[in-house]
Structure formats: C-alpha cells, structure tokens
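Results of the structural survey
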Amino acid sequence: MPLLPLRDLRCPLDGDAMQRQSSQWQCPKGHSFDIARQGYVNLLPVQHKKSRDPGDSKAMVAARKAFLDSGFYTPIATAISQLCTDHLDTTAPLAILDAGCGEGYYLQALCAALDTPEREIIATGLDISKWALRACLQRNRQLNGIVASNRQVPLPDHSQQLLLCAFGFPVYREFARLLAPGGLYLQVDAGPDHLLEMREHLYPELRRSEAPSIQEGIDTIGPVLNEQRLQFTIDELTHQPLEQLLMMTPHYHRASPAAQQRLLDSAPLPMTADLVLRLLRVDGP
Ligand SMILES: C[S@@+](CC[C@H](N)C(=O)[O-])C[C@H]1O[C@@H](n2cnc3c(N)ncnc32)[C@H](O)[C@@H]1O
Ligand SMILES: [Zn+2]
C-alpha cells in the first residue's frame, strides 16, 4: 500500500491544528508555512534556531547517504526492522515518526519492512537540518518531511504508534507526549566498542567507554520490552567510506585536523560496529 500524507500538523507558534491548503499548511490564526519544492515543511520557529543552518550540513548529509547506501550498516537497518515487525500487529494503521531522521535510510527500510497490502502507514521524518529532509524525500517522496527540533515536535498528542530515535537527541517528555497508548519507542545508540578503531587512531590515549547505561529519563516512556546489543565488523574501509563515516560522527568536529588525517592515512581499516537497541512500550492497550 502506498504511504499516506500527513493529515494533522500543529502550528509551531501556538499549537493550533493546521489545515493543508495546496502548497501551504495554515493555522486558524493566520500563520502559514510553505511546503518546499522538495516536499518538506519547515516548522522550526526562528527563535528556536541556534544557528542559521542548524543540524547536519549539506556535506555531512551527503557523506552519510553515500556511506549508508554502500550497505555497511545493513545489519542495523535489518535489526531495527526485525524488532519492529516482531512487536507490531500486521494490520492496524500505523503512524511512524523518525525523530532526527537524517537522510532517511532507516525510515525507508522500516517502511519497506512494515508495508503490507492491508496496512495504512503515515511515515514522517523529522530533522532540524533541511539538508537531511531534502535527501530523505529524494529517497522516497511518499515520506512526510518536517524540519523541526525534537524539543518541540509539531504533531498532535498521542498520534504516533512507533517512534524511532537512531543516533539522535532524544527528548523523552516530548516523545512520551507524541506516542499513542501501547505505542513503541525504539532507540539506537552507540555501544562502548562502536568505531573503536577510528577512536584509537584519533585519540591515541583512548580509554574504552563504560558499559552502555540506561539513559536518564527514558522510563518516562514506559517499560523496556527488549534490549539487545548488535556487534559486527566491517572488514575493510577504504579511504572514501572511512572519510564518509568520520563525517557522520561527532569526531568530525571534535578531533584535530592532524588526527583526522592520521586516521585517513591508515586506510584501509577494519571497523567494529557496536550498537545498543532498546525497545519500549507505552502503557495502554
Ligand atoms: C547522528 S545523525 C543520525 C541521523 C539518522 N537517525 C541516522 O542514524 O542515519 C543526528 C541527526 O540529528 C539531527 N539533529 C540534531 N539536533 C536535532 C534536534 N534538536 N532535533 C532533531 N534533529 C536533530 C541532525 O541534523 C542529524 O541529522
Ligand atoms: Zn498559528
């Protein structure tokens, strides 16, 4: 079944329900928001922008897309999709939100896995970076795209059956507000050995991080249904994918240029992936 367009959006300025009128979303108080040519709507109020171009840059989004499209993280997409298909009824209509969706690789994989002939799906990618949304909707124009922050998501209370936050910036109170009773929340984080070889080259004094801790406040959402660790090794990363991977991580801003060059000069390099996937269910039917 085709993915469906969003029916409900809230005005970011006053929270009123908006109506879609051709290429705009309009609120009863007269605020209106254009739908960009690329298909997304920018609902990030100017006063919530911490910079002129918030979130991942155009170059970072392009690097992430190239790396993910090469298939190096397929096991993560498969694990996300498997966990969700295992815990969702196959026929009930589904609203999915990917909070901090980046260029939409996991949202697209999830929709492909959850799509059945009977099920209606409204899938929304939200990110603070307009570049991310452009790439996400280029991947699949049937996805809905919102530029906004996880701190203030312009969607109605209890409207989402599934919320994904992968390598992102979770805001639990907001996520709890968005999730429907019985809804699922899936969070994917780096585990202690994630990209160990990269970190060893960037920071020779590296100490392994502690075991992954439960994130403070995550219990606002509900009880943990499933927690799993996913570890795999990428055999050999050549210079280009290694550089793309570096650009996907906080080390791209954190490590010195000399350290980044040292890392890239060491290609080809094997790379450990170590992830923690946590699935929670909101109380309710
Ligand atoms: C590490 S990337 C992960 C992207 C995607 N989930 C993935 O795993 O491929 C983090 C993303 O969060 C976005 N971001 C940063 N701050 C945000 C916020 N406050 N609200 C929503 N997205 C945010 C960035 O623009 C970036 O696309
Ligand atoms: Zn308004």
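Residues numbered from 1 in each chain as written. Chains lettered and ligands numbered in written order. Predicted model: local features only at pLDDT ≥ 70, side-chain atom pairs only at ≥ 80, totals over all residues. Heavy atoms only, no water.

The next point concerns the state of the cysteines. Under the definition given, this model contains 0 disulfides. Cys101 carries a free sulfur, and the closest cysteine sulfur to it, the one in Cys136, is 4.3 Å from it. Summary of cysteine pairing: Cys165 is not part of a disulfide, and the nearest cysteine sulfur, belonging to Cys101, is at 11 Å. In this structure Cys165 comes out as buried when scored by relative accessible area, which is 1%. (Disulfide = S-S within 2.5 Å. Buried < 20%, exposed > 50% of the residue type's maximum accessible area, 1.4 Å probe, protein only.)

The subject of this paragraph is the sheet that holds strand 4 (residues 32-34). In spatial order, the strands read 1-2-3-4; together these 4 strands make up an open sheet with antiparallel pairing. Whereas interior strands pair on both sides, the edge strands pair on one side only; in this sheet they are strand 1 (9-10) and strand 4. One ladder, built from 3 bridges, connects strand 2 (residues 17-21) with strand 3 (residues 24-26); its direction is antiparallel. Across the sheet, the residue bridging to Gln21 is Gln24, located in strand 3. (Pairing = 2+ DSSP bridges. Helix = DSSP H or I, 4+ residues; strand = E, 2+ residues; numbered from the N terminus.)

Another aspect to go through is the packing of aromatic side chains. As enumerated under the stated definition, the model contains 7 aromatic pairs in all. The interplanar angle of 85 degrees and the centroid separation of 5.2 Å between the aromatic rings of Phe67 and Tyr73 together place this pair among those described as edge-to-face. The exposure class of Phe67 is buried, given its relative accessible area of 0%. Taking 6.5 Å as the distance between ring centres and 40 degrees as the angle between the ring planes, the aromatic pair formed by Tyr106 and Phe167 counts as tilted. You can see Tyr106 sitting in helix 3 (residues 105-114) and its partner Phe167 sitting in the loop between strand 9 (160-166) and helix 5 (172-178), a full 61 residues away along the chain. (Phe/Tyr/Trp six-rings, centres within 6.5 Å; stacked < 30°, edge-to-face > 60°.)

Before going further, it helps to spend a moment on the environment of Ala255. When you line up the elements, Ala255 lands in the loop between helix 8 (251-254) and helix 9 (257-265). Along the primary structure Ala255 and Leu202 are separated by 53 residues, whereas in three dimensions their C-alpha atoms are 6.4 Å apart.

It is worth spelling out the nonpolar core at this point. Ranked by size, the top nonpolar core spans 57 residues in total, and within it Tyr73 and Tyr106 carry the most contacts. If you look at the next biggest cluster of nonpolar residues, it comprises 30 residues, including Trp25, Cys165, Tyr172 and Ile221. (Core = buried A, V, L, I, M, F, W, Y, C linked by side-chain atoms within 4.5 Å.)

Domain boundaries in the protein chain define domain 1 (8-37) and domain 2 (46-281). Taking only C-alpha atoms, the centre of domain 1 and the centre of domain 2 are 27 Å apart. Roughly 520 Å² is buried in total at the junction of domain 1 and domain 2, and carbon and sulfur atoms are behind 54% of that figure. Taken together, domain 1 and domain 2 are joined by 0 salt bridges. Counting every contact that joins domain 1 to domain 2 gives 3 residue pairs in polar contact (both at pLDDT 80 or more). Among the residues forming the side of domain 1 that touches domain 2, the class breakdown is 3 nonpolar, no polar and 3 charged. (Domains from an automatic or database assignment. Buried area = accessible area lost by both parts, 1.4 Å probe. Salt bridge = Lys/Arg side-chain N within 4 Å of Asp/Glu carboxyl O. Polar contact = N/O pair within 3.5 Å; in protein donor to acceptor, adjacent residues only side chain to side chain. Nonpolar A, V, L, I, M, F, W, Y, C, P; charged D, E, K, R; others polar.)

Bringing the coordination of the zinc ion (ligand 2) into the picture now. Protein coordination at the zinc ion (ligand 2) comes from Cys11 (SG), Asp14 (OD), Cys27 (SG) and His31 (ND1), with a distance range of 2.1 to 2.3 Å. Each donor residue of the zinc ion (ligand 2) lies on the same chain, and together they follow the pattern C-x2-D-x12-C-x3-H. On the criterion of sequence distance, the pair formed by Cys11 in the loop between strand 1 and strand 2 and Cys27 in the loop between strand 3 and strand 4 is long-range, its members being 16 residues apart. Classification of Cys11 as buried rests on a relative accessible area of 2%. (Donors = N, O, S within 2.8 Å, 3.2 Å for Na, K, Ca; no water.)

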